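What the coordinates show
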Amino acid sequence: MSKTPPVVRPRAVLVGVQFPSVTDTEHAADLAELKRLVHTLGYDAVATVSQRRGALATGTVLGKGKLKDLAALTGGPGVITSGARDRTSKARAKWEAAEEDSEAEETSEEGTEATDSESEDTETEGTESEDSETDDSEAEDVDEDDDASEPEEDVSGPRPTVVVVDHELSPSQLRNLEKATGAQVMDRTGVIVDIFHRHARSHEARMQVEIARLTYLAPRLRESSGGRERQQGRGAGDSAVELDRRKIRDRLAELRAGLAVIQKEQDHRRYARREQLRVALVGYTNAGKSSLMRALTGSEVLVADQLFATLDTTVRALHPETRPRVLVSDTVGFIQKLPHDLVASFRSTLDEALEASLLLYVVDASDPTWKLQLEVTRSVLREIGAHTVPSKLLLNKTDRLDQAAQDALRAEHPEAVLLSAHRPDDVAKLRQVIIQFFEASMVEAHLVIPYASQGRIGEVYEHTTVLNEEYDEHGRKLRVRGLPAAIARLTQAFQA
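For every chain, the first residue of the written sequence is number 1, and numbering continues from 1 along that sequence. For this predicted model, a pLDDT threshold of at least 70 governs which residues receive local features, and a threshold of 80 or more governs which side-chain atom pairs are given and counted, while totals over whole chains, interfaces and linings are taken from all residues. Computation of side-chain values covers all heavy atoms of the structure but excludes hydrogens and water.

By the convention used here, strands pair only if DSSP detects at least 2 bridges between them. The way it works is that DSSP assigns letters per residue, a run of H or I at least four long becomes a helix, a run of E at least two long becomes a strand, and they are numbered from the N terminus. Taken in spatial order, the three strands of this open sheet run E12-E14-E13, and their pairing is antiparallel. With one partner strand each, in any of the chains shown, strand E12 (443-449) and strand E13 (465-472) form the two edges of the open sheet. With strand direction ignored, the average angle separating the axes of adjacent strands in the sheet is 20 degrees. Taken together, the seven bridges between E13 and strand E14 (residues 475-482) define a ladder with antiparallel strand orientation. Bridge pairing in E14 links Thr465 to Arg481. Contacts were defined at the residue level, with two residues in contact if any of their heavy atoms lie within 4.5 Å. Axis definition: a line fit to C-alpha positions, over the contact stretch in the case of helices; interaxial angles, taken between N-to-C directions, run 0 to 180 degrees. Across the sheet, helix H17 (residues 484-495) is in contact with E12 and E14; its angle to E12 comes to roughly 15 degrees.

The next thing to look at is the pattern of salt bridges. Think of a salt bridge as a Lys or Arg side-chain nitrogen and an Asp or Glu carboxyl oxygen that are within 4 Å of each other. For the coordinates displayed, the defined rule picks out 20 salt bridges. Of the charged contacts, one joins Arg188 and Glu33 as a salt bridge, the two residues approaching to 2.4 Å between their closest N and O atoms. One end of the pair, Arg188, is in helix H7 (residues 188-199); the other, Glu33, is in helix H1 (residues 24-41), and 155 residues separate them in sequence. In terms of burial, Arg188 and Glu33 fall into one category: buried. Only protein chains enter the area calculation, which uses a 1.4 Å probe; residues under 20% of their type maximum are buried, those over 50% are exposed, and those in between are partly exposed.

Before going further, it helps to examine the pairing of strand E4 (residues 162-165). Here E4 shows no split at all, with Val162 and Val164 on one side and Val163 and Val165 on the other all buried. Sheet topology note: the strand E1 (residues 11-18)/E4 ladder contains four bridges and is parallel. Each bridged residue has a counterpart across the sheet, and for Ala12 the counterpart in E4 is Val162. Where E4 and strand E5 (residues 184-187) come together, four bridges link them in parallel fashion. Among the inter-strand pairings, Val163 is bridged to a residue of E5, identified as Val185. By definition, the crossover connecting two strands over a helix is right-handed if that path, from the first strand to the second, turns clockwise as seen with the strands pointing away from the viewer. A crossover links E4 with its parallel partner E5, the connecting element being helix H6 (residues 171-181), and its sense is right-handed.

Bringing the packing of aromatic side chains into the picture now. Side-chain rings of Phe, Tyr and Trp (the six-membered ring for Trp) are treated as a pair once their centres are within 6.5 Å; stacked means planes under 30 degrees apart, edge-to-face means over 60, and tilted covers the remaining angles. By the definition in use, this model includes one aromatic pair. Each ring, one from Phe437 and one from Phe438, has its centre 5.2 Å from the other, and the planes form 75 degrees; the classification is edge-to-face. Exposure remark for Phe437: the relative accessible area of 25% places this residue in the partly exposed category. Given the relative accessible area of 3%, Phe438 is considered buried. We call a charge positioned over a ring when the NZ of a Lys or the CZ of an Arg lies within 6 Å of the ring centre and within 35 degrees of the ring normal. The residue whose ring lies beneath Arg378 is Tyr361, and the NZ or CZ to ring-centre distance is 4.5 Å. It is Arg456 that lies over the ring of Phe494; its NZ or CZ is 5.6 Å from the centre.

Attention now goes to the side chain of Asp472. Considering the arrangement of structural elements, one finds Asp472 in strand E13. According to the relative accessible area criterion, Asp472 is buried, its value standing at 18%. Not counting chain neighbours up to four residues away, the residues in contact with Asp472 comprise Tyr451 and Lys477.

Spatial ordering of the open sheet is given by E7-E8-E6-E9-E10-E11, a layout of six strands whose pairing is mixed. Two strands in the sheet have a free side with no partner beyond their single neighbour: strand E7 (314-317) and strand E11 (417-418). Taken together, the six bridges between strand E9 (residues 358-364) and strand E10 (residues 391-396) define a ladder with parallel strand orientation. If you follow Val362 over to E10, its bridge partner there is Leu394.

Residues spaced three or four apart along an α-helix point in a common direction, a consequence of the helix completing one turn every 3.6 residues. The span you would expect from a helix comes to 1.5 Å times its residue count less one. Between its first and last C-alpha, helix H15 (residues 424-439) extends 23 Å over 16 residues, near the 22 Å set by a 1.5 Å rise per residue. Within H15, the full set of buried residues consists of Asp426, Val427, Leu430, Arg431, Val433, Ile434, Ile435 and Phe438. Buried residues along H15 sit against strand E6 (277-283), helix H10 (289-297), strand E8 (326-330), E9, E10 and E11.

In structure tokens, the structure reads:
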């Protein structure tokens, strides 16, 4: 049997600009994260071009020298060529032809004089050429940042066909880089949106991602090279791009209307769970939320070592079940420079965190930049108003740390829970922490359930813990422990 040939993945070059306020460690972490994003999207990052600058170059992100280094990797010209077409009329063409004939006659008449002075002119031009080259070289040295880092290359094999920039680019910057490099150019936002588009599974997630994707693509549409306007089906004077943008606006309106219906259904479900105890796992992407979700609830949620493996919110009961029952939800992960349109599109998904009783901030303690990742999570939740929800910090993946590093974390964050989702003892300890959090706010009370209302006894067992049970002529007497709101509602219901 013939072996299946290995899948050849497209090759990419990463581009990053380090601003003065960004440390070397943070910049290296940003590029490492971009490399993982690119790998998740299906590309192999084979080289990195990085430069220190005060700000992105307006037209091409990088300076002239670094732009040429980048173009050398991709095989591009390294300069921005004009895409404008020459427009000529018959009168202009006739005038240009007459000018050429006139110049030809003058050249033939002055041929002898040109021959006599040729040697002198050649010497003068040589001197001027050397001066000009020196000036141009000095100009380029000024444009290029002296602190620019050297490109990290591993380009043995086919040339990279994709350039990925670790910043959000304007449409003009995208076009200019494509002209200079001769390669497809993507920015960080485009990569994240494409990953979301590929990983969306549920109908709601697909609609949310499509809204963000179309919003991102609309200003980046460009004219095709086939012509300035379509010949059929166009409005009066509308260009092809204007027609495409109109279709995108119509599609966005349709998607938002459909998503509003789904969100209304989700609101009804959350309202039905309003009196239940709810815990939401929140944190950076690939911090181990899905692994904790599986360990705490016994559910078969997708667990994969990749960024944004799961986008849909999953709600399951804490296992083994408690009384009252505790629901655990796994929310979408966060990342640095998360596109605002994605945050807006996934607002209904993030509402699980807003309406939770307890937030568990999950961080990968083995990542040296976990504090920065935690701040990213807190800032996004702050945007939706979830920063006021009670929370606990979970330092996950401690099985990758030595004992000294774990002791240092305990000393620095005594209130945090150190654990590994793959250790049953750690998961059991976390389960007890969750139960104790809710028990701290519970109170004891006595309920009298008339014999005529015995059919509603299930509500009591669902929302409280029954400590004692007695019977008399009035009905069933229960001593229960539960949240004050649940006990008040049950007391009022049975008194009525």
